[in-house]
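Coordinates in review
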Amino acid sequence: MPPKSDTAESIVLKFVNEQNRPLNAQNVADALQKDNLKKTAVQKALDALCDSGRITFKEYGKQKIYVARQDQFDIPNSEELDRMKKENATLQQDLEEQKRAISEVEGEIRALQSNLTLEQILAKQAKLETEVEAMEEKLNKLRDGVTLVRPEDRKAIEGIYLEKISHWRKRKRMFKDIWDAITENSPKDLKEFKEELGIEYDEDVGVSLQSLSELMPQNKKRGRGQ
């Protein structure tokens, strides 16, 4: 007589048959905690099912391994296995296509979520209009010849700029003197030697001391020897 569907035996039997793989009592007890079955009740149910022949077991030392009876399952022949394999391959392909479709939809959702809302667009537009007005006001002042930089600030900036240009010129001259002394009797090709040492001239990086020096007002420029 089969066990009632709500008994511990019926729950354990159903689980063992559904899993259809080797299990020990702890495996079954862990899985059936959701059914409020303790390990003692699970062990008792497993022993009763073995005694009644509904499941089988093998002993490995002190541990019992329980398995479902295989004679209750329909074992497919080779043709059925081939058909199942083909169906599985088709299902796998359908699954991949569904995953790709989901990925595309998720990408579209992310793109839509990254777009600004109408309120955000209006707020950004108002901010940009304010910035444009401020720039136009500044541009009009420049066109009218209004000085936006205080004379003392301009003088300080020109002093710093002139100092940096002076340092640049001195170091350029020092390098040239040292380079000429090193390479005076060198048999090496100077261009190759420079590349070997990793040296770059101003021109190599697109800057010119002369052109930057000319940005200073005429009365601020220094002679070549300074």
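Residues numbered from 1 in each chain as written. Predicted model: local features only at pLDDT ≥ 70, side-chain atom pairs only at ≥ 80, totals over all residues. Heavy atoms only, no water.

In the annotation of an unreviewed UniProt entry, the protein chain is listed under the name Homologous-pairing protein 2 homolog and assigned to Papaver somniferum. The record held by UniProt for the protein chain lists under Subcellular location (unreviewed entry) the comment "Nucleus". The UniProt entry for the protein chain carries the following comment under Sequence similarities (unreviewed entry): "Belongs to the HOP2 family." (UniProt positions renumbered as here; feature names shortened; annotations may be inferred.)

1. Observations concerning the nonpolar core
Within the largest apolar cluster, 18 residues are counted, with the highest numbers of intra-cluster contacts made by Val12, Val16, Val28, Leu32, Val42, Leu46 and Ile55. For this core, the secondary-structure elements that each account for two or more residues are α1 (8-19), α2 (25-31), α3 (39-51) and β2 (63-68). Looking at this core, the element that brings in the most residues is α3, giving five residues. (Core = buried A, V, L, I, M, F, W, Y, C linked by side-chain atoms within 4.5 Å. Buried < 20%, exposed > 50% of the residue type's maximum accessible area, 1.4 Å probe, protein only. Helix = DSSP H or I, 4+ residues; strand = E, 2+ residues; numbered from the N terminus.)

2. Structural notes on the UniProt feature "domain: Homologous-pairing protein 2 winged helix" (unreviewed entry) in the protein chain
If you check UniProt for "domain: Homologous-pairing protein 2 winged helix" (unreviewed entry), the listed places come out as residues 8-68 in our numbering. Span residues 8-68 is 52% helix and 20% strand, its end C-alpha atoms 16 Å apart.

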